Amino acid sequence: MNNKHRKVLEKIFQNPVKPIEWQDIEKLFLALGARIAEGSGSRVTFSLNGVTADFHRPHPGKEAKRYQIIDTREFLTKAGIDPAKV
């Protein structure tokens, strides 16, 4: 995991929620070792440490919606990812 991944991880856990580009979140998931499964349309499923989560890529914009960032935070927490320990 590089410095950019760490910054994205910190941003995910910030309050209030700040804008993040969706592709940066996907790159973070992959850097953490998540598996990705493409669904139909904009749907994508990630599996990390035995936890699975479904997301829809934002479109037409690049930035993740507020609820997607909150869902990402929940997914990472359930998967045992702690930004203070990574």
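Cut-offs applied
- Residues numbered from 1 in each chain as written.
- Predicted model: local features only at pLDDT ≥ 70, side-chain atom pairs only at ≥ 80, totals over all residues.
- Heavy atoms only, no water.
- Pairing = 2+ DSSP bridges.
- Helix = DSSP H or I, 4+ residues; strand = E, 2+ residues; numbered from the N terminus.
- Axes fitted to C-alpha atoms, helices over the stretch in contact; angles between N-to-C directions.
- Contact = heavy atoms within 4.5 Å.

Colleague: Before we move on, could you go through the sheet that holds strand 1 (residues 35–38) and cite the residues and values that matter?
Modeller: The pairing of strands in a sheet happens through backbone hydrogen bonds and is either parallel or antiparallel. Overall, antiparallel pairing links the three strands, which are arranged 1-2-3 in an open sheet. In the strand order of this sheet, the two ends are held by strand 1 and strand 3 (51–56), each with one partner. Each adjacent strand pair in this sheet contributes to an overall mean axis angle of 20°, direction not counted. In the sheet, strand 1 pairs with strand 2 (residues 43–48) via four bridges, with the strands oriented antiparallel. Considered in strand 2, the bridge of Ala37 is made with Thr45. Each of strand 1, strand 2 and strand 3 is contacted by helix 2 (residues 22–31), which is oriented at about 30° to strand 2, the strand it contacts most. Contacts between helix 3 (residues 66–78) and the sheet are confined to strand 2 and strand 3, with strand 3 contributing the most and set at about 170° to the helix.

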